[in-house]
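Residue-level structure breakdown
These are the residues of each chain, in order.
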Amino acid sequence: MGEAPAFIEDDLQKGFSNGFDLKSEDATPTVFGNKAQYLIGGADDESIRVQVLDHSRGGWVNPTVLGTKPKPCKGHSAVPLNEDRILVIQKGTSLDDGVWFLEVDTQYVREQRKILGTEVVAWSKGVKGNAEKPVVISGPSGVGKGTLISMLMKEFPSMFGFSVSHTTRAPRNMEKDSIHYHFTERSVMEKEIKDGKFLEFASVHGNLYGTSVEAVEVVTDAGKRCILDIDVQGARSVRASSLEAIFIFVSPPSMEELEKRLRARGTETEEQILKRLRNAQAEMEQGKSSGIFDHILYNDNLEECYENLKKLLGLDGNVTATPKSSPYGVDLPLDLSISKIDQKIIIKRGSATENLIVLDLSTLKGGAPGRTRGLNVYAIDSLTDELNGFNQLS
Ligand SMILES: Nc1nc2c(ncn2[C@@H]2O[C@H](COP(=O)(O)OP(=O)(O)O)[C@@H](O)[C@H]2O)c(=O)[nH]1
Ligand SMILES: Nc1ncnc2c1ncn2[C@@H]1O[C@H](COP(=O)(O)OP(=O)(O)O)[C@@H](O)[C@H]1O
């Protein structure tokens, strides 16, 4: 598509036909952009479909749609945001399930466009509450990443959730499928990577490893802070994605100590140990100089290192588990209309001026794939003076 779209909303009327299988009896398709670029609407199978105007060919095309799609609904309203995503609010759906973002030109979408070689859009569900940023932990094999993560999960079980990666390497004795890794065939994983199911992936020590979009979604949906144990290449990919995270590199006190730990763990063959030690050298250089990492943790004394990790994550005081955001328990009206003032979206029932719902988007974090966190939702009795002058959108 090249240029970033400029959005102007233009709701189409019932009975609209665009030559594809979008229909508008149950959902109003919406065209965006002064060049009418994005069309979101109901399809024959009742699911929400997206089409993009291809200027070079002068027609609508079906893009690759990544992320979990919203469930079918009885119509929606859409608001363009920052020229890179479209807020989609589902009519007649519960507030917990009805706020979505269609990313059309975010960094993640641009990256995926390059990888997949097709037009790409990505759905991301709006999630209330302020779950903290995911934590990415990298470091050479044997440095103690797994040990530190286990300590954190044991002390704060309701706060953290582990992103279970996929890997083509064989399970170790104590490792369980779907808990430590999703152990998988290379051909299956390669197909899923092509289908855009992975947030990042890398070849590490001769095997393929990757974080699926779903692995992160599952943790976020449970209201927990996601921990990713991934290599430096993976950390670089996540840094380039729209998943805002804290990046921590764990360093050993020396290469000799690293070798001692790796051998003492006793999980690898001699050949694998040597390969991991060779790779450790490059990982250490990249970890310390690449600018990817926000923090470097030295794991000399384990207890001290763990205390430092907790400090970085703001867990060194009297910590109580972050409460899950309370469900709002409200259905979005079928006849909703939307207004926008600055970063706030005001949802009204028809032309009502009382009992309004406000979506504050100023605290949004992250984005596709999967979930956009930090949605602040609250009710107001009526529009106050400060809300005068907003733009009516739909
Ligand atoms: N890029 C990427 N790296 C991963 C992923 N999962 C694990 N890794 C990394 O792969 C490397 C090898 O992991 P593993 O086989 O469990 O061995 P260990 O590091 O010695 O415990 C480590 O650097 C992990 O951080 C993933 O999903 N993506
Ligand atoms: N600070 C430390 N001092 C000594 N041994 C450690 C320390 N941290 C971890 N270990 C041990 O080193 C080995 C490798 O740790 P592990 O957590 O499996 O590393 P990684 O996940 O980074 O590959 C394990 O046997 C672990 O018990």
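Residues numbered from 1 in each chain as written. Chains lettered and ligands numbered in written order. Predicted model: local features only at pLDDT ≥ 70, side-chain atom pairs only at ≥ 80, totals over all residues. Heavy atoms only, no water.

As recorded by an unreviewed UniProt entry, the protein carries the name Guanylate kinase 1 and is attributed to Quercus rubra. According to its UniProt record, the protein has this under Catalytic activity (unreviewed entry): "GMP + ATP = GDP + ADP". Turning to the protein, the UniProt annotation filed under Sequence similarities (unreviewed entry) states: "Belongs to the guanylate kinase family." (UniProt positions renumbered as here; feature names shortened; annotations may be inferred.)

Turning our attention to the pairing of strand S21 (residues 336–341). For S21, the tally of buried residues reaches five of six residues, placing the bulk of the element in the interior. Relative to strand S22 (residues 344–349), S21 runs antiparallel, the two sharing six bridges. Considered in S22, the bridge of Ile341 is made with Lys344. A loop of two residues connects S21 with S22, the two strands running antiparallel in sequence, and Asp342 in this loop sits at a positive phi of about 50°. (Buried < 20%, exposed > 50% of the residue type's maximum accessible area, 1.4 Å probe, protein only. Helix = DSSP H or I, 4+ residues; strand = E, 2+ residues; numbered from the N terminus. Pairing = 2+ DSSP bridges.)

Moving on: the sheet that holds strand S19 (residues 246–251). Taken in spatial order, the five strands of this open sheet run S13-S18-S12-S19-S20, and their pairing is parallel. Edge positions in the open sheet fall to strand S13 (160–162) and strand S20 (295–298), since each of these has one partner strand only. Within the sheet, the average angular offset between the axes of one strand and its neighbour, ignoring direction, is 25°. Note: strand S12 (residues 135–138) against S19, four bridges, orientation parallel. Paired with Val135 across the strands is Ile246, a residue of S19. Where helix H4 (residues 213–221) meets the sheet, its contacts fall on S13 and strand S18 (225–229), and the angle it forms with S18 comes to roughly 150°. (Axes fitted to C-alpha atoms, helices over the stretch in contact; angles between N-to-C directions. Contact = heavy atoms within 4.5 Å.)

To continue, consider the site of ligand 2. Ligand 2 sits among 13 residues. The nearest are Gly142, Lys145, Thr147, Arg265 and Asn299. Here Thr147 contributes a side-chain N or O atom positioned 2.5 Å from an oxygen atom of ligand 2. Between ligand 2 and the protein, one listed contact pairs a nitrogen atom with a backbone N or O atom of Asp300 at 2.9 Å. Out of a free accessible area of 560 Å², ligand 2 has 73% covered by protein chains. For the shell around ligand 2, the leading source of residues is helix H2 (residues 145–155), giving three residues. Looking at the shell around ligand 2 residue by residue, the classes come out as three nonpolar, six polar and four charged. (Near = heavy atom within 4 Å. Polar contact = N/O pair within 3.5 Å; in protein donor to acceptor, adjacent residues only side chain to side chain. Areas by Shrake-Rupley, 256 points an atom, 1.4 Å probe, with all protein chains shown as cover. Nonpolar A, V, L, I, M, F, W, Y, C, P; charged D, E, K, R; others polar.)

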